[in-house]
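# Chains, contacts and geometry: an overview
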Amino acid sequence: MQDLTPRAVVIGLALSVVMGAANVYLGLYAGMTVSASIPAAVVGLLILRIFFRGGTIGEANMIQTSASSGEALAAGIIFTVPALLLIGAWKEFDMVTTAIIGMAGGLLGVLFMIPMRRVFVTENNDLPYPEGVACAMVLEANTRTGDDATSKRDGRLVIVGSVIGGLWKLIGGYFGVFLGTLEGATRIAGRLLFFGGDMSPALLGVGFIVGLEVALLVFAGGVIAWLVCIPFLPEISSVLNALHPGWGAYDVPSGSALDQAWELWSTRIRYVGVGAMVVGGVSSIVKVRHGLVRAVKELGAGFQGRTEETDEMNRDLPASGLVALAVFATLLVGYAYYQWTHHAAITLVTTLVMLVLSFFFVAVASYIVGLVGNSNSPVSGMTITAVLFAGAFLLLLGFSGEEGMLATLGVATIVCCAASTSGDMCNDLKTGQLVGAPPRKQQLMQIGGVVVASLVMAPVLQMLHHAYGVGSKALPAPQAALFASLVKGLFGDGHLPWGFVALGAVLGGAILLTDAALERRGAKVRVHLMPVAVGMYLPFGLSVPMVVGGVLAHLRAKAAKNKEEAETSLHPGVLFASGMIAGESLLGVAIAIAVSAGASTFSPSIPGLAWITFACGMAVVWFTNRQSRA
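Note that the structure is predicted; figures quoted are calculated from it, not measured.

Reading guide: rules and limits
Residues numbered from 1 in each chain as written. Predicted model: local features only at pLDDT ≥ 70, side-chain atom pairs only at ≥ 80, totals over all residues. Heavy atoms only, no water. Helix = DSSP H or I, 4+ residues; strand = E, 2+ residues; numbered from the N terminus. Rg over C-alpha atoms; globule rule 2.2 N^0.38 Å. Buried < 20%, exposed > 50% of the residue type's maximum accessible area, 1.4 Å probe, protein only. Contact = heavy atoms within 4.5 Å. Areas by Shrake-Rupley, 256 points an atom, 1.4 Å probe, with all protein chains shown as cover. Polar contact = N/O pair within 3.5 Å; in protein donor to acceptor, adjacent residues only side chain to side chain. Pairing = 2+ DSSP bridges. Phe/Tyr/Trp six-rings, centres within 6.5 Å; stacked < 30°, edge-to-face > 60°. Axes fitted to C-alpha atoms, helices over the stretch in contact; angles between N-to-C directions. Parallel < 35°, antiparallel > 145°, perpendicular 65-115°, else oblique. Left-handed = near helix turned anticlockwise from the far one by under 90°. Nonpolar A, V, L, I, M, F, W, Y, C, P; charged D, E, K, R; others polar. Salt bridge = Lys/Arg side-chain N within 4 Å of Asp/Glu carboxyl O. Patch = residues over 30% accessible without salt bridge, like charges linked within 9 Å, V, L, I, M, F, W, Y side chains within 5 Å.

Let's shift gears to the overall build of the chain. A tally of regular secondary structure across the chain gives 25 helices and two strands. What you see for the chain is a C-alpha radius of gyration of 23 Å, in line with the 25 Å of a compact globule of 630 residues. Over its C-alpha atoms, taken along the principal directions, the chain stretches across nearly 70 × 60 × 60 Å. Within the chain, the proportion of its 630 residues that are buried is 58%. Sequence separation of at least 24 residues holds for 84% of the intrachain contacts in the chain that already meet a minimum separation of 6. About 23700 Å² of surface is accessible on the chain, with carbon and sulfur atoms providing 66% of the total.

Take a look at the structure:
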């Protein structure tokens, strides 16, 4: 079977750039990304059949392996690198350093994961790999009978979804005919109440892909933060102050009720989500402790050459090559750290801390992706844990001020990139195992995708920053803002509201206990901590279209007669949703390019703009539901 052909390599590398750029925008806007494996596989097959009159399942698998690596690397970059801008260390994005961070972090993630393949992929029957299995099913369905009605339908769904998402962004984001958010706030009986939601086809698509359970958990986190904590903030503050003087302190903001709600959430309530994320990150580590031990043993055996295989279907890249690339990536990281700090001792310490934490969280991310899928992997929680651990360690060593902030963020950026790319690699290797792909060739494609995608991250970030402003309401960069706040609180003049972080940790512990009780009883409904914590941390409006998308996916699956039919029936909706995400995100990047070139966006005064936006949004929901039943 043809797989690693020149055309597959070219298409895969090109799509890694496209998917990476799209997810840069999506992550800075929504605070999360979704796996690009399925849409990349379908688009790859479509390109092969339109321009080359052919294409095999092996080629399509290699294409999606490379393309999804661009999406994964984008997640690692956008969650951390913009924090350097937000703390004032950079005025603009450093092109060379950003490329080095992406390339080195992505390579370490891939290289550390390769020796763990047997532990988490081939010899582990307990991990379901929902997205890896789904991607394999899509590949098999599209290549079983060649260029048939199924493949044409799938390609059409991605294209139509991209057009819908792109038009929405063009009409709303550039011409200003749609509002980005419908929201408001008021006071009732002295309580500050917020209501509203974002109007975004991309977020609707995210909800369809992650499913109703995850979407509801994210929404529940938003309800806790915005509809419980904000209205009852005076009582919460009194309890925290009683436990520790000053823990519950907050300033009463001025302005409208809506401005007050946003101010209270951004300065106090969102840190409840941070505390819950930390607990979730630690619990994730505890869950994979046995896998970590096995991964360390496998890594040692691989580097000693005891696990070399002659069977092509079970061969990895040679250990000598892995070591050489790992040394190269480490030297790149050390160079970047030295350029930041201009201090050899700081560079050495942070590089060593980075290597230990990267390996640690690569194992954690690989396990979690196998459990819940790549889109649901709590990379933010893992990176927060890494930031707090690295920051505490560097504080003990006497680091302070900007050098402490830079050193901590330096560790976080590489750890985040490594965790993101390793999870994607694990997911792709499972797909490859199911469709009969040689892992060694997939690993080469993943490395190629990481290297190429790393070169375009900084230019895209810079254009988006010029067009929308990273950290603004149009492009809030939630995770990067969080990491900036954390390092400022640890080393700078910032102040972390530790009382609210502690409250989040207590809530996180309560949610973990509840989920454990549900698991023991064999309940179908679970309360996973990380989606709830993410919902508390993100703006409430983001979760509203996600819930709508989740409901559409649930209704589609419920109409099926059995589980296998339900999974198969969701694929049209997943493809259409992926197209909407890609279309809106890529048009967001295109608008950024136009603005950087001197174009101006429009802000027309149109009567009834909110009603126009709502009506058009409902039309998109109806059309999405219809396409999911194609």
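In this structure, S366 sits in helix α15 (residues 344–372). The buried category is assigned to S366, whose relative accessible area is 0%. Of note is the side chain of S366, whose polar atom sits 2.8 Å from the backbone oxygen of V362. In this view, S366 contacts M113, F120, Y129, S422 and C426; residues no more than four positions away in its chain are not counted.

On to the pairing of strand β2 (residues 191–198), then. As defined by bridge partners, strand β1 (residues 181–188) adjoins β2 across eight bridges and the pair is classed as antiparallel. Along β2, the bridge assignment pairs R187 with L192. Between the antiparallel neighbours β1 and β2 lie two residues, among them A189 with a positive phi of about 55 degrees.

The description of two aromatic rings rests on the distance between their centres and on the angle between their planes. Under the counting rule described, the total for this entry stands at 18 aromatic pairs. Look at W262 and W265: their rings are 5.6 Å apart centre to centre, the planes differ by 90 degrees, and that puts the pair in the edge-to-face class. Placement of both W262 and W265 in helix α12 (residues 257–287) is noted, with a separation of three residues, approximately one turn of the helix. Assessed through its relative accessible area of 4%, W265 is described here as buried. One aromatic cluster is present, built from ring pairs that chain together F194, F219, W226, W262, W265 and F540.

A separate point is the packing of helix α1 (residues 6–30) against helix α18 (residues 439–467). Interhelical geometry of α1 versus α18 gives an angle of 40 degrees and a closest axis separation of 8 Å. Overall, the two elements α1 and α18 adopt an arrangement that is oblique. The two elements α1 and α18 cross, and the hand of that crossing is right-handed. From α1, A8, V9, G12, L13, S16, V17, G20, A21, V24, Y25 and L28 reach across to α18, where they touch M445, G448, G449, V452, A453, V456, M457, V460, L461 and L464. Each residue belonging to the contact of α1 with α18 can be placed in one class, and the counts come to 16 nonpolar, five polar and no charged.

For the structure on display, the rule yields seven salt bridges. Put simply, K441 and D3 hold a salt bridge, and the shortest N to O gap is 3.0 Å. Of this pair, K441 sits in helix α18 while D3 sits in the segment before α1, placing them 438 residues apart in sequence. We classify D3 as buried; its relative accessible area is 9%. With a closest N to O distance of 2.6 Å, D316 and R117 form a salt bridge. Here D316 is found in the loop between α13 (289–303) and α14 (319–341), whereas its partner R117 is found in helix α6 (residues 117–122), with 199 residues between them in sequence. Residues joined in a network through salt bridges with shared partners are R117, R118 and D316.

Mapping S37 onto the fold places it in helix α2 (residues 37–51). Apart from the residues lying within four places of it in its own chain, the contact partners of S37 are Q64, S68, C135, D424, N427 and D428.

What follows deals with a nonpolar patch on the surface. The grouping of V239, L243, W247 and W498 at the surface amounts to a nonpolar patch, some 410 Å² of accessible area in total. Mapped onto the elements of the fold, W247 is located in the loop between α11 (233–243) and α12.

So, about unusual backbone geometry. A positive phi angle, close to 55 degrees, is found at A189, a residue other than glycine. With respect to the helices and strands, the residue A189 is situated in the loop between β1 and β2.

Burial of helix α9 (residues 201–210) is extensive: nine of the ten residues sit out of reach of the surface. Of all the residues in α9, the buried ones are P201, A202, L203, L204, G205, V206, G207, F208 and V210. Directly beyond the C-terminal end of α9, a positive phi value near 95 degrees is found at G211.

For R117, a relative accessible area of 3% puts it in the buried group. With 309 residues separating them along the chain, R117 and C426 place their C-alpha atoms 7.2 Å apart.

Note that A72 resides in helix α3 (residues 57–78). C-alpha separation for the pair A72 and M536, spaced 464 residues apart in sequence, amounts to 23 Å. Apart from the residues within four sequence positions on either side, A72 is in contact with S420, T421 and D424.

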